[in-house]
Amino acid sequence: MTTNDQHYINQILNGDANAFTVLVDRYKDMVFTLALRMVKNREEAEEVSQDTFVKMYKSLNKFKGDSKFSTWIYKIAYNTSLDRLKKNKKFINDVAIDEYTAHQLKTLNNALNALEIKEKEHAIKQCLNLLPAADSFLLTLYYFEEQTLDEIAQTMNLTSNNVKVKLFRSRKKLATIFRSHLAPEIIDQYE
């Protein structure tokens with residue numbers, strides 16, 4: 001292929017403009033693809049491709065054959081893409097985060113976390129409703145009302161040790177209900 005390319009290069013250097021069309025046809029798709037990957041915009045990639053071939057034509061006499069002709073063209077395409085990005089200052093994947101944006105992100109994260117917590121609480125409450133009343137009541141006091149073992153013992157007329165045992169058993173029952181009613185992702189968070 002390089003020898004074939006060299007044939008057309010020689011023809012172009014000798015004034016045959018039609019030979020240039022052959023090289024453009026041969027490399028236009030790859031140059032466009034490379035440009036598109038860099039600039040991330042179809043119109044910009046088309047302009048980069050055109051600029052690449054103009055630069056190639058103007059500097060064809062500088063091609064020494066030290067590398068493959070395709071490598072030389074792709075390097076021109078790469079540098080032309082970089083120049084286009086710098087010129088337009090369109091770094092598509094770079095987002096400047098100023099204080100306002102950082103605040104928005106924090107607010108969004110807080111909202112999503114609150115929503116996630118509410119969804120989890122709702123799922124847990126649904127599972128608690130499937131427990132026997134005493135177990136549900138005990139777990140609600142402990143987890144949602146955040147009462148101590150002694151406070152629960154007083155409320156339920158039990159000893160603190162008895163509350164520990166009942167709490168352990170209620171948790172096991174709840175775990176069984178979780179496994180049968182909740183998505184595996186939620187279960188994994190509680191194990």
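Here we look at the side chain of arginine 84
Reasoning step 1: As for its placement among the helices and strands, arginine 84 is situated in helix H4 (residues 69-88).
Reasoning step 2: Residue classification places arginine 84 among the buried positions, given a relative accessible area of 10%.

Regarding helix H8 (residues 160-181)
Reasoning step 1: Spanning 22 residues, H8 covers 31 Å between terminal C-alpha atoms, matching the ideal 32 Å at 1.5 Å per step.
Reasoning step 2: Among the residues of H8, those classed as buried are Val163, Leu167, Ser170, Leu174, Ile177 and Phe178. Down the axis of H8, the smallest arc covering the buried residues is 100 degrees, so these residues share one side. In H8, the exposed positions angled more than 90 degrees off the buried face are occupied by Asn161, Arg169, Lys172, Thr176, Arg179 and Ser180.

Considerations on H4
Reasoning step 1: The end-to-end C-alpha distance of H4 is 29 Å, a good match for the 28 Å that 20 residues give at a rise of 1.5 Å each.
Reasoning step 2: Those residues of H4 that fall on the buried side of the exposure criterion are Phe69, Ser70, Trp72, Ile73, Ile76, Ala77, Thr80, Ser81, Arg84 and Leu85.

Describing the environment of alanine 123
Reasoning step 1: Structurally, the position occupied by alanine 123 is in helix H5 (residues 99-129).
Reasoning step 2: Residues alanine 123 and phenylalanine 178 lie 55 residues apart in sequence; the distance between their C-alpha atoms is 8.9 Å.

Examining the nonpolar core
Reasoning step 1: Counting residues in each nonpolar core, the largest one holds 18 residues, and the members touching the most others are Leu23, Met56, Phe69 and Trp72.
Reasoning step 2: Of the residues forming this core, the biggest block, 6 residues, is contributed by helix H2 (residues 17-39).
Reasoning step 3: In contact with methionine 56, other than residues within four places in its own chain, are Phe20, Leu23, Phe69, Trp72, Ile73 and Ile76.
Reasoning step 4: Among the nonpolar cores identified, the runner-up in size contains 14 residues, and Ile124, Cys127, Leu128 and Ile152 belong to it.

Some remarks on the confidence of the model for the protein chain
Do not read the predicted coordinates in detail wherever pLDDT is low.
Reasoning step 1: Put simply, the protein chain has an average pLDDT of 79, and 79% of its residues get 70 or more.
Reasoning step 2: Confidence, read as mean pLDDT per element, is least for helix H9 (residues 184-190) in the protein chain (52) and greatest for helix H3 (residues 42-58) (93).
Reasoning step 3: Confidence drops under a pLDDT of 50 for residues 90-100, and excluding neighbours within four residues, the segment shows 9 contacts in the predicted structure.

Concerning the packing of aromatic side chains
Each aromatic ring pair is specified by the distance between its two centres and by the angle formed by the two planes.
Reasoning step 1: Applying the stated criterion across every chain yields a total of 7 aromatic pairs.
Reasoning step 2: Summarising the aromatic geometry, the rings of phenylalanine 20 and tyrosine 57 are spaced 4.9 Å apart at their centres and angled 75 degrees between planes, so their arrangement reads as edge-to-face. Of this pair, phenylalanine 20 sits in helix H2 while tyrosine 57 sits in helix H3, and the two are 37 residues apart along the sequence.
Reasoning step 3: Judged by its relative accessible area of 43%, tyrosine 57 falls in the partly exposed class.
Reasoning step 4: Where tyrosine 27 meets tyrosine 74, the ring centres are 6.3 Å apart and the plane angle is 75 degrees; that geometry is what we call edge-to-face.

Rules used throughout
Residues numbered from 1 in each chain as written. Predicted model: local features only at pLDDT ≥ 70, side-chain atom pairs only at ≥ 80, totals over all residues. Heavy atoms only, no water. Helix = DSSP H or I, 4+ residues; strand = E, 2+ residues; numbered from the N terminus. Buried < 20%, exposed > 50% of the residue type's maximum accessible area, 1.4 Å probe, protein only. Expected span 1.5 Å × (residues − 1). Arc of directions from axis to C-beta. Core = buried A, V, L, I, M, F, W, Y, C linked by side-chain atoms within 4.5 Å. Contact = heavy atoms within 4.5 Å. pLDDT = per-residue confidence, 0-100. Phe/Tyr/Trp six-rings, centres within 6.5 Å; stacked < 30°, edge-to-face > 60°.

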